[in-house]
Amino acid sequence: MPVRSSRMDASDSLTPLLIHHADVLVTIDPVRRELRDAGLLSIDGRIEAVGSDAELEVALAAARASGRIGTRLRRIDARGCVVMPGLINTHHHMYQSLTRAVPAAQDADLFGWLKTLYPIWARYTPEMFVTAAEVSIAELLRSGCTTSSDHQYLFPNGARLDDTIEAARRLGIRFHACRGAMSVGESAGGLPPDSVVEDEDAILADCERVVDRWHDASPGAMTRVALAPCSPFSVSPRLMRETATLARRLGVRLHTHLAENDDDVAYSRERFGMTPAEYAESVGWLGDDVWHAHCVKLDAPGVARFSATRTGISHCPCSNMRLASGIAPTPAWRAAGLRVGLGVDGSASNDGADLLGEARQAMLLARVSYGPAALRARDALEMATLGGAAVLGRDDIGALEPGRSADLAVFDISGLEHAGMHDPVAGLLFATPVRARFTIVGGRVLVDEGRLASVDVRDLARRQKAAVALLAAG
């Protein structure tokens, strides 16, 4: 299969970047160093050096002597800031940012919420998917997120996954596009209306097309594709099996929802005679190339099977609370050695895309049921960075160390929100989450002094409001 490179070529040169004088630089490297009055040097989108300002000047001089850096260099003074790896979002439905706080869905559980919103989503145009994606990506970038997955499983009125991918490339975020699908409508015992399901052979054919067109398996890739039938209650076992076979032939990852709430578990038992984890295993959906969203109701044998097979989980605490799905047993997952990342989930079940806020909620929610030390602030930050990288199958992001992509977030802690803070790293979550001062992806500054560099926010808001008005008018 030919690989379509999604990285910038050599003609698109990057200005080398020096971040210096950070109050704290959080590496999340193998020894979890936190460096004071430190920074990093980025050349050609990769981290060249991490360390004290004196060490960085030595690295800078060596790079100049070797001809790797010319006269161009951008310096960012990070005094009063915490610098950390860019946050990684492992589960999202970006298209939902046009259906926030729909009155009839505000107080519903998962199944009722879906049934209310399916008819609205069926009216989307391709342009609406683009606008919704740009809104979500802009929000994520401002929260310090540098990599995001997106699970799109509806394609009404000529919409294609390509539309969302192209939006992500324009805005500059590192992107894992999940080609979702629904094939079992209400008439066949599924949850979605028949009007929004697709033919299974057509789904598989488009999955292969999208992978061939967009997936880049190389290190530093900006665009990757995963195959992602929506859920056990909206696709057939045949599609689950054949998608798993196709993904492994093409060398891409697999993603779906699993064990999200009690109704989800009851459906699996009634329809398949198995728990969600047993069903996933029966159709080939366990393994180190698979990650499942939610898993709130994953039972102890399921946790053991996930651990043994290195299957990943995207933990979505805000959505789980919003839809009253339950409190995920994150301490048990961590004790079992599971790979766990964080996801903001849909912008109509959260109803936002603030990944630093999501990490805060993960920390707090774990403590409600499991005690005040169940999830430390640094544990939650690690879920949002290195944990997310592991879930997405990447070893080139998630930490600040030489050789990795220069994906990082700079948070200003000099304001009132952090006044009196004794531990600035933990304070990112214990205090009110703040927007990123800088968000940098592959050495490119996408949020610059708090302002988005890749999109006109006022124009985007205008387009979002117009789309919402059309949807509300039916």
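Residues numbered from 1 in each chain as written. Predicted model: local features only at pLDDT ≥ 70, side-chain atom pairs only at ≥ 80, totals over all residues. Heavy atoms only, no water.

J.: Could you clarify how one ought to interpret the environment of Asp263 in this entry?
T.: As for its position among the elements, Asp263 is in helix 7 (residues 262-272). For the pair Asp263 and Phe111, spaced 152 residues apart in the sequence, the C-alpha separation amounts to 7.8 Å. Excluding anything up to four places from it in sequence, Asp263 contacts Asp109 and Phe111. (Helix = DSSP H or I, 4+ residues; strand = E, 2+ residues; numbered from the N terminus. Contact = heavy atoms within 4.5 Å.)

J.: Would you explain the nonpolar core in this entry?
T.: When a protein is soluble and globular, its nonpolar side chains tend to lie buried together. Membership of the largest hydrophobic core comes to 124 residues, with the highest contact counts inside it found for Trp113, Leu114, Trp121, Phe306, Trp333 and Phe411. Top contributing element to this core by residue count: helix 3 (residues 126-142), with ten residues. Apart from the residues within four sequence positions on either side, Trp113 is in contact with Gln96, Ala105, Ala108, Trp121, Arg322, Leu323, Ala348 and Ser349. The next biggest cluster of nonpolar side chains, apart from the first, holds 20 residues, and it includes Leu17, Ile19, Phe438 and Val445. (Core = buried A, V, L, I, M, F, W, Y, C linked by side-chain atoms within 4.5 Å. Buried < 20%, exposed > 50% of the residue type's maximum accessible area, 1.4 Å probe, protein only.)

J.: Sorry, what's going on with the side chain of Asn261 here?
T.: By the secondary structure assignment, Asn261 is in the loop between strand 11 (253-258) and helix 7. Here the side chain of Asn261 touches Asp263 through a polar contact of 3.1 Å, landing on its backbone nitrogen. A polar side-chain atom of Asn261 sits 2.8 Å from the main-chain amide nitrogen of Asp264. Apart from residues lying up to four places away in sequence, Asn261 is in contact with Leu110, Lys297 and Ser325. (Polar contact = N/O pair within 3.5 Å; in protein donor to acceptor, adjacent residues only side chain to side chain.)

J.: Would you mind going over the pairing of strand 18 (residues 444-448) with me for this structure?
T.: Within a regular strand, the side chains alternate between the two sheet faces. Pairing analysis gives four bridges linking strand 17 (residues 438-441) to strand 18, with the strands arranged antiparallel. Paired with Thr439 across the bridge in strand 18 is Val447. Taking the residues that link successive antiparallel strands as the turn, the strand 17-strand 18 hairpin has two residues, and the phi of Gly442 there is positive, at about 55°. Pairing geometry for strand 18 and strand 19 (residues 451-452), over two bridges, is antiparallel. (Pairing = 2+ DSSP bridges.)

J.: Please explain the packing of aromatic side chains as it appears in this structure.
T.: Two aromatic rings are characterised by how far apart their centres lie and by the angle between their planes. Summed over the entire model, instances satisfying the criterion amount to eleven aromatic pairs. Measuring from centroid to centroid gives 6.0 Å for Tyr95 and Phe129, while their planes differ by 50°, and the two rings are tilted. Here Phe129 lies in helix 3 and Tyr95 lies in the loop between strand 7 (92-93) and helix 2 (110-121), a separation of 34 residues in the sequence. On the basis of relative accessible area, Phe129 is assigned to the buried category, the value being 2%. Taken together, the aromatic side chains of Tyr95, Trp113, Tyr118, Trp121, Tyr124, Phe129 and Tyr153 make up a single cluster linked through ring pairs. Note that Arg179 overlies the ring of Phe155, its terminal NZ or CZ placed 4.2 Å from the centroid. The ring of Trp214 has Arg213 sitting right over it, with the charged end atom 3.9 Å from the ring centre. (Phe/Tyr/Trp six-rings, centres within 6.5 Å; stacked < 30°, edge-to-face > 60°. Lys NZ or Arg CZ within 6 Å of the ring centre and 35° of its normal.)

J.: Which parts of the structure should I look at to understand helix 9 (residues 300-309)?
T.: Residues spaced three or four apart along an α-helix point in a common direction, a consequence of the helix completing one turn every 3.6 residues. Among the residues making up helix 9, those that are buried are Gly302, Val303, Phe306 and Thr309. Projection of helix 9 onto a plane perpendicular to its axis shows the buried side chains occupying an angular sector of 140°, all on one side. Projecting away from the buried face of helix 9 at angles above 90 degrees are the exposed residues Ala300, Pro301 and Ala308. Phi turns positive one or two residues past the end of helix 9, at Arg310, with a value near 60°. (Arc of directions from axis to C-beta.)

J.: Sorry, what's going on with the packing of helix 3 against helix 15 (residues 457-472) here?
T.: How two helices pack is summed up by the angle between their axes together with the distance between the axes. One way to put it is that helix 3 packs onto helix 15 with a least axis distance of 10 Å and a crossing angle of 130°. Regarding the angle of helix 3 to helix 15, the classification is oblique. As helix 3 packs across helix 15, the resulting crossing turns out to be left-handed. Along the contact surface, helix 3 presents Met128, Thr131, Glu134, Val135 and Ala138, while helix 15 presents Leu460, Arg463, Gln464, Ala467, Leu470 and Leu471. In the contact of helix 3 with helix 15, the residues fall into seven nonpolar, two polar and two charged. (Axes fitted to C-alpha atoms, helices over the stretch in contact; angles between N-to-C directions. Parallel < 35°, antiparallel > 145°, perpendicular 65-115°, else oblique. Left-handed = near helix turned anticlockwise from the far one by under 90°. Nonpolar A, V, L, I, M, F, W, Y, C, P; charged D, E, K, R; others polar.)

J.: Honestly, the packing of helix 4 (residues 161-171) against helix 5 (residues 200-214) in this entry has me stumped. Any pointers?
T.: At their nearest, the axes of helix 4 and helix 5 sit 11 Å apart, and the two run at 25° to each other. Considered as vectors, helix 4 and helix 5 are oriented roughly parallel to each other. For the pair helix 4 and helix 5, the crossing hand works out as right-handed. Facing helix 4, whose interface residues are Leu161, Asp162, Ile165, Glu166 and Arg169, helix 5 presents Arg209, Val210, Arg213 and Trp214. By residue class, the composition of the contact of helix 4 with helix 5 is four nonpolar, no polar and five charged.

J.: Just to check I follow, could you spell out the environment of Ala359 for this structure?
T.: Mapped onto the elements of the fold, Ala359 is located in helix 12 (residues 355-370). Judged by relative accessible area, which is 1%, Ala359 ranks as buried. As a C-alpha pair, Ala359 and Arg378 span 19 residues in sequence and 9.7 Å in three-dimensional space. Excluding its chain neighbours within four sequence positions, the residues that come into contact with Ala359 are Leu342, Ala380, Ala384 and Leu429.

J.: Just to check I follow, could you spell out the pattern of salt bridges for this structure?
T.: Oppositely charged side chains can pair when the atoms bearing their charge come close. Applying the stated criterion to the full structure yields 33 salt bridges. The partner of Arg33 in a salt bridge is Asp29, with the nearest N and O atoms 2.7 Å apart. The class for Arg33 is partly exposed, based on a relative accessible area of 33%. (Salt bridge = Lys/Arg side-chain N within 4 Å of Asp/Glu carboxyl O.)

J.: Could you clarify how one ought to interpret helix 2 in this entry?
T.: Taking 1.5 Å per residue as the helical rise, helix 2 with its twelve residues ought to reach 16 Å, and the 16 Å between its terminal C-alpha atoms agrees with that figure. The set of residues buried in helix 2 consists of Leu110, Phe111, Trp113, Leu114, Leu117, Tyr118, Ile120 and Trp121. Taken together, the buried residues of helix 2 touch helix 7, helix 10 (317-322) and helix 15. (Expected span 1.5 Å × (residues − 1).)

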